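Report on the structure
Read off the chains here:
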Amino acid sequence: MKEIKNVAIFGAGAMGAYYASRFFESSGFSTVLLARNPRHDRLKAEGLTVNGKHYSIPVVHPDETASPADLIIVALKNHHLPEAAHDLKNLVGEGTTLISVMNGLDSEEYLGSIYGMDKVLYAIAVGIDALRQGNEITYTNPGKIYFGESDNTIPNERVLNVRNAFERAGLASEIPADMMRMLWWKFMINVGINQASAVMRVPYGVFQTSPDAQKLMEMLMREVLALAHRLRVNLVEQDLNEWSKVLNSLSPQGKTSMLQDIEAGRKTEVESFAGKMVELGKIHGIPTPANEVVLSIIHVLEQTRA
Ligand SMILES: NC(=O)C1=CN([C@@H]2O[C@H](COP(=O)(O)OP(=O)(O)OC[C@H]3O[C@@H](n4cnc5c(N)ncnc54)[C@H](OP(=O)(O)O)[C@@H]3O)[C@@H](O)[C@H]2O)C=CC1
Ligand SMILES: CC(C)(CO)C(=O)C(=O)O
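Given the structure is predicted, the values throughout are model-derived calculations rather than measurements.

1. What to know about the environment of M217
Mapped onto the elements of the fold, M217 is located in helix α8 (residues 211-230). The spatial distance from the C-alpha of M217 to the C-alpha of D178 is 25 Å, given a sequence separation of 39 residues. Those residues within four positions of M217 in sequence are excluded, and the remaining contacts are G192, I193, A196, F207, W243 and L247.

The structure is reproduced here in structure tokens:
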């Protein structure tokens, strides 16, 4: 397989802007952002600012791109995906690899249903605390990307090729043997802290110190543990402690992506977290009362946003 050179970033928000800046700054890559108008013109005119540094990264329009990308990083919000996913069609060719750094359990299968799972690798971003205000993005901790096929006992050529590209771009990454376990671990984290932070409107620092904040976060997470156990996903009690270690490394002022959405009056990804939990809980006979409560609260916050 040939070395990854052409990289496209789809969704130049908090996460996408960070990854775009890394590839754009590293030699050996040609990096583009993909967007329709009015985003296209805005990104072209204003560029992106990441940790105070301005980047004028080329922006391409979905209907005007002719040559496929080697690697596409998808960093949309989950509710953007159904409307946006077809915009990748001119960028996906035989040798293209698609990676979604989006939270939730479904974005990979969604992209795979359109472009084929043979082109999609699973991924999660852990420990990054990217904040966005307009086109200005800040982060204190870049975190790490865990990625691969669902089973990476022996990583295949596509996976190794992406690792090589991440290394050249200065992005920390790891290839877990059991990627499904990692996907569920991240899902547990998001169901816990994203939702608890959104209903309480507090940053990471409060979860580092307040037993009350920790209690709600853990109640939500334990429902994921019970569901994972039923589905034979290898997620255990100790995984809560692994998350505490990551949490304590985050900036006390940092905010989850869901709290950022609530504060900015945007739609949240609650359907991919509590919504998914309630749905799966019903199918598999696992009670999800804490998730039912936060689902209603976050719906109300969305309905009453300014
Ligand atoms: N922020 C974080 O620290 C982390 C976030 N995540 C996950 O990563 C994903 C992205 O999150 P985040 O970066 O915070 O979200 P943002 O809301 O900051 O970014 C999403 C971006 O997608 C753009 N977008 C929406 N629709 C389209 C479209 N049709 N075409 C092109 N661009 C589009 C938005 O543009 P516009 O602004 O114009 O609407 C926005 O720039 C989410 O699933 C989140 O849960 C995971 C780990 C950490
Ligand atoms: C884990 C966390 C909370 C930060 O990386 C996240 O995934 C998010 O903000 O959506």
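Text resumes after the structure shown.
2. Considerations on the UniProt feature "domain: Ketopantoate reductase C-terminal" (unreviewed entry) in the chain
Here the UniProt feature "domain: Ketopantoate reductase C-terminal" (unreviewed entry) sits at residues 178-302. In the segment residues 178-302, helix accounts for 74% and strand for 0%; the C-alpha atoms at its two ends are 35 Å apart.

3. A look at the site of ligand 1
Around ligand 1, a shell composed of 26 residues is seen, among which M15, R39, N103, R132 and E269 lie nearest. Between R39 and ligand 1, the recorded distance is 2.7 Å, taken from a side-chain N or O atom to an oxygen atom. In this structure, an oxygen atom belonging to ligand 1 sits 2.6 Å away from a side-chain N or O atom of R132. Contact with the protein chains removes 91% of the 900 Å² of surface that ligand 1 exposes when unbound. Of all the secondary-structure elements, those providing two or more residues to the shell around ligand 1 are α1 (14-25) and α2 (39-46).

4. What about the domain arrangement of the chain?
Domain boundaries assigned for the chain yield domain 1 (6-177) and domain 2 (180-303). Contacts between the two partners involve 24 residues from domain 1, matched on the other side by 26 residues from domain 2. Between domain 1 and domain 2 the total buried area reaches about 2100 Å² when both faces are included, carbon and sulfur atoms providing 61% of it. Where domain 1 touches domain 2, the interface holds 2 salt bridges. Across the salt bridge formed by K276 and D106, the nearest N and O atoms sit 3.2 Å from each other. Applying the counting rule to domain 1 against domain 2 returns 9 residue pairs in polar contact (both at pLDDT 80 or more). Taken together, the elements giving at least two residues each to the side of domain 1 that touches domain 2 come down to β8 (120-126) and β9 (131-133). Examining the composition of the side of domain 1 that touches domain 2, we find that 5 residues originate from one element, β8, more than from any other. Considered class by class, the residues forming the side of domain 1 that touches domain 2 number 11 nonpolar, 8 polar and 5 charged.

Procedures and definitions
Residues numbered from 1 in each chain as written. Chains lettered and ligands numbered in written order. Predicted model: local features only at pLDDT ≥ 70, side-chain atom pairs only at ≥ 80, totals over all residues. Heavy atoms only, no water. Helix = DSSP H or I, 4+ residues; strand = E, 2+ residues; numbered from the N terminus. Contact = heavy atoms within 4.5 Å. UniProt positions renumbered as here; feature names shortened; annotations may be inferred. Near = heavy atom within 4 Å. Polar contact = N/O pair within 3.5 Å; in protein donor to acceptor, adjacent residues only side chain to side chain. Areas by Shrake-Rupley, 256 points an atom, 1.4 Å probe, with all protein chains shown as cover. Domains from an automatic or database assignment. Buried area = accessible area lost by both parts, 1.4 Å probe. Salt bridge = Lys/Arg side-chain N within 4 Å of Asp/Glu carboxyl O. Nonpolar A, V, L, I, M, F, W, Y, C, P; charged D, E, K, R; others polar.

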